[in-house]
Amino acid sequence: MFELTNTNAEKFNKVCKILEENQYDPYRLIPILQAVQNEYRYLPEEILYFIATSLGISPAKVYGVATFYSHFTLEPKGKYVIKVCDGTACHVKKSESIIQTIEKKLGLSGSKKTTEDMLFTLETVSCLGACGLAPVVVVNEEVHSLMTPEKTEKLIENIRKEENYAEAVC
């Protein structure tokens, strides 16, 4: 079990700032969890416990909220979350081949959704509400329409090039 100590409080400086910005108000639990997830890309168990302790509410309540809403995740996600629509319109236009291309290109599978380097996470979604643009791939918040396996491979290569360039500049 996680133990609240001064060392851990220092370790979670960003979480402390988020809690301060929300006045340690337990009624602001959802915005707090959203901000924490934006910071870490997921909700680590020890941070959920830290939030519960800091807000004076039970860890079960925090965990319950974190698992109730599909927006929240308890699993680490990559820097780039790739969502592939597999709704009816996208499926008919061969979204399955796009999913297979991404899995092959990134070394992912049905059970392994995030790359080892934490750069990419693949998610299949039921509908993105863009049927006229099918098949659709969304990378973080950027929508890519009328995708093909080839266009998808190129998209991943471009992201990798940008990442390599950013590393070289830093």
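Look above for the structure.
Residues numbered from 1 in each chain as written. Predicted model: local features only at pLDDT ≥ 70, side-chain atom pairs only at ≥ 80, totals over all residues. Heavy atoms only, no water.

*Asks:* Can you walk me through the side chain of E163 in this structure?
*Replies:* Relative to the elements of secondary structure, E163 occurs in helix α8 (residues 149-169). Leaving out residues up to four positions away in the same chain, E163 has contacts with K79, Y80 and L119. (Helix = DSSP H or I, 4+ residues; strand = E, 2+ residues; numbered from the N terminus. Contact = heavy atoms within 4.5 Å.)

*Asks:* Explain the packing of aromatic side chains to me, please; I cannot follow it from the model alone.
*Replies:* The description of an aromatic ring pair uses the distance of the two centres, along with the angle that the planes make with each other. Applying the stated criterion across every chain yields a total of 4 aromatic pairs. Centroid distance Y69 to F72: 6.4 Å. Interplanar angle 85°. Geometry classified as edge-to-face. Taking the relative accessible area as the measure of exposure, Y69 reaches 37% and is therefore partly exposed. (Phe/Tyr/Trp six-rings, centres within 6.5 Å; stacked < 30°, edge-to-face > 60°. Buried < 20%, exposed > 50% of the residue type's maximum accessible area, 1.4 Å probe, protein only.)

*Asks:* For this particular structure, what's the right way to read the packing of helix α4 (residues 45-55) against helix α5 (residues 59-68)?
*Replies:* Two packed helices can be described by the angle between their axes and the distance between those axes. Running from N to C, α4 and α5 point in directions that differ by 125°, and their axes come no closer than 8 Å. Classified by the angle between their axes, α4 and α5 sit oblique to one another. In this structure, the crossing between α4 and α5 has a hand that is right-handed. Between α4, through L48, Y49 and A52, and α5, the contact on the second element is made entirely by P59, V62, Y63 and A66. Residues of the contact of α4 with α5, tallied by class, amount to 7 nonpolar, no polar and no charged. (Axes fitted to C-alpha atoms, helices over the stretch in contact; angles between N-to-C directions. Parallel < 35°, antiparallel > 145°, perpendicular 65-115°, else oblique. Left-handed = near helix turned anticlockwise from the far one by under 90°. Nonpolar A, V, L, I, M, F, W, Y, C, P; charged D, E, K, R; others polar.)

*Asks:* Got a minute to help me understand the packing of helix α3 (residues 29-40) against α4 in this structure?
*Replies:* Direction vectors running N to C along α3 and α4 enclose 145°, while the axes themselves pass 12 Å from each other. Here α3 runs over α4; the crossing is right-handed. Across the interface between the two elements, L29, I32, L33, V36 and Y40 from α3 touch I47, L48, I51 and L55 from α4. Residues of the contact of α3 with α4, tallied by class, amount to 9 nonpolar, no polar and no charged.

*Asks:* Can you help me understand the nonpolar core in this one?
*Replies:* Within soluble globular proteins, side chains that are nonpolar generally end up buried alongside one another. Counting 21 residues, the largest nonpolar core has V15, L29, L33, V36 and I51 as its most contacted members. When contributions to this core are tallied by element, the ones reaching two or more residues are α2 (13-21), α3, α4 and α5. Ranked by residue count, the leading element in this core is α4, at 6 residues. V36 has contacts with V15, I18, R41, Y42, L43, I47 and I51, leaving out every residue within four places of it along the chain. (Core = buried A, V, L, I, M, F, W, Y, C linked by side-chain atoms within 4.5 Å.)

*Asks:* Before we go on, may I ask you to explain the pairing of strand β2 (residues 120-125) in this structure?
*Replies:* For a regular strand, the rule is simple: side chains alternate between the two faces of the sheet. Counting buried positions along β2 yields 5 of 6 residues, so the element is predominantly enclosed. Relative to β2, strand β1 (residues 80-85) runs parallel, the two being bridged by 6 bridges. For V81, the partnering residue across the bridge sits in β2 and is T121. (Pairing = 2+ DSSP bridges.)

*Asks:* Is there a simple way to think about the side chain of T101 in this case?
*Replies:* As for its placement among the helices and strands, T101 is situated in helix α7 (residues 95-106). Dropping the residues within four chain positions of it, T101 is found in contact with P149 and E153.

*Asks:* Whenever I open this one, the sheet that holds strand β3 (residues 137-139) confuses me. Can you help?
*Replies:* Think of a sheet as strands paired side by side through backbone hydrogen bonds, with each pair either parallel or antiparallel. Read across the sheet, 4 strands follow the order β2-β1-β3-β4 without closing on themselves; strand pairing throughout is mixed. Edge positions in the open sheet fall to β2 and β4 (142-144), since each of these has one partner strand only. Taking each pair of neighbouring strands and ignoring which way they run, the sheet shows an average axis angle of 20°. Bridging between β3 and β4 involves 3 bridges; their strand directions are antiparallel. The residue bridging V137 from the neighbouring strand is H144, located in β4. Sheet contacts for α7: β1, β2 and β3; angle to β1, the most-contacted strand, approximately 155°.

In short, shape yes, function no, at least from these values alone.
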